[in-house]
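Secondary and tertiary structure notes
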Amino acid sequence: QVQLVESGGGLVQAGDSLRLSCGASRTLRGYAVAWFRQAPGKEREFVAAVSRSGGFTYYADSVKGRFTMPGDNTKDTVFLQMGVLSPQDTARYYCAAGNRVITSSLRRQDAYDFWGQGTQVTVSS
């Protein structure tokens, strides 16, 4: 069992940067870790993920080039570095982890066993 707690959200202006953190109750070595987000009235969508080995990082097209997952997933905290934020990035951001996630399933929500409660990111224009 892994408990995940997200932090770092807040209210920012368009063009700003923000770093989200996902703290785990244990090391995440061997776990794929992903970020998803859900905007009001919309379905939760994939943002970014790092594979179990840490050797592969995958991003949604909507954030590619602006968001990164720096560092690695061998510790108990992973990050989502977000840059050039726009109002379209406003959402609740969730961290997820799983130790059975294969690379081809990194974008799938049902591949992850453990989820945090989320942190709100609001971007004003």
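Residues numbered from 1 in each chain as written. Predicted model: local features only at pLDDT ≥ 70, side-chain atom pairs only at ≥ 80, totals over all residues. Heavy atoms only, no water.

Brief notes about the overall build of the protein
Of the regular secondary structure elements, the protein holds zero helices and 11 strands. A compact globule built from 125 residues would reach a C-alpha radius of gyration of about 14 Å, and the protein, at 13 Å, matches this within 12%. Considered along the principal axes of its C-alpha atoms, the protein spans approximately 40 × 25 × 25 Å. Evaluated residue by residue, the protein yields a buried proportion of 44% over its 125 residues. Taking all contacts inside the protein whose residues are at least 6 apart in sequence as the whole, residues at least 24 apart take part in 61%. A total of about 6400 Å² of accessible surface is found on the protein, and carbon and sulfur atoms cover 46% of it. Here the protein holds 14 positive side-chain charges and 10 negative ones, and the gap between their average locations is 4 Å. (Helix = DSSP H or I, 4+ residues; strand = E, 2+ residues; numbered from the N terminus. Rg over C-alpha atoms; globule rule 2.2 N^0.38 Å. Buried < 20%, exposed > 50% of the residue type's maximum accessible area, 1.4 Å probe, protein only. Contact = heavy atoms within 4.5 Å. Areas by Shrake-Rupley, 256 points an atom, 1.4 Å probe, with all protein chains shown as cover. Lys, Arg positive; Asp, Glu negative; His and termini not counted. Charge placed at Lys NZ, Arg CZ, Asp CG, Glu CD.)

Thoughts on the sheet that holds strand 3 (residues 18-24)
Taken in spatial order, the four strands of this open sheet run 1-3-8-7, and their pairing is antiparallel. For this open sheet the edge positions go to strand 1 (4-7) and strand 7 (67-68), each flanked by a neighbour on one side alone. Looking at chain direction, strand 1 and strand 3 are connected through four bridges and run antiparallel. Bridged to Glu6 within strand 3 is Cys22. (Pairing = 2+ DSSP bridges.)

So, the side chain of Ser21
Note on placement: Ser21 falls in strand 3. When sequence neighbours within four positions are dropped, the list of residues in contact with Ser21 reads Val5, Glu6, Ser7, Trp35, Thr77, Val78 and Phe79.

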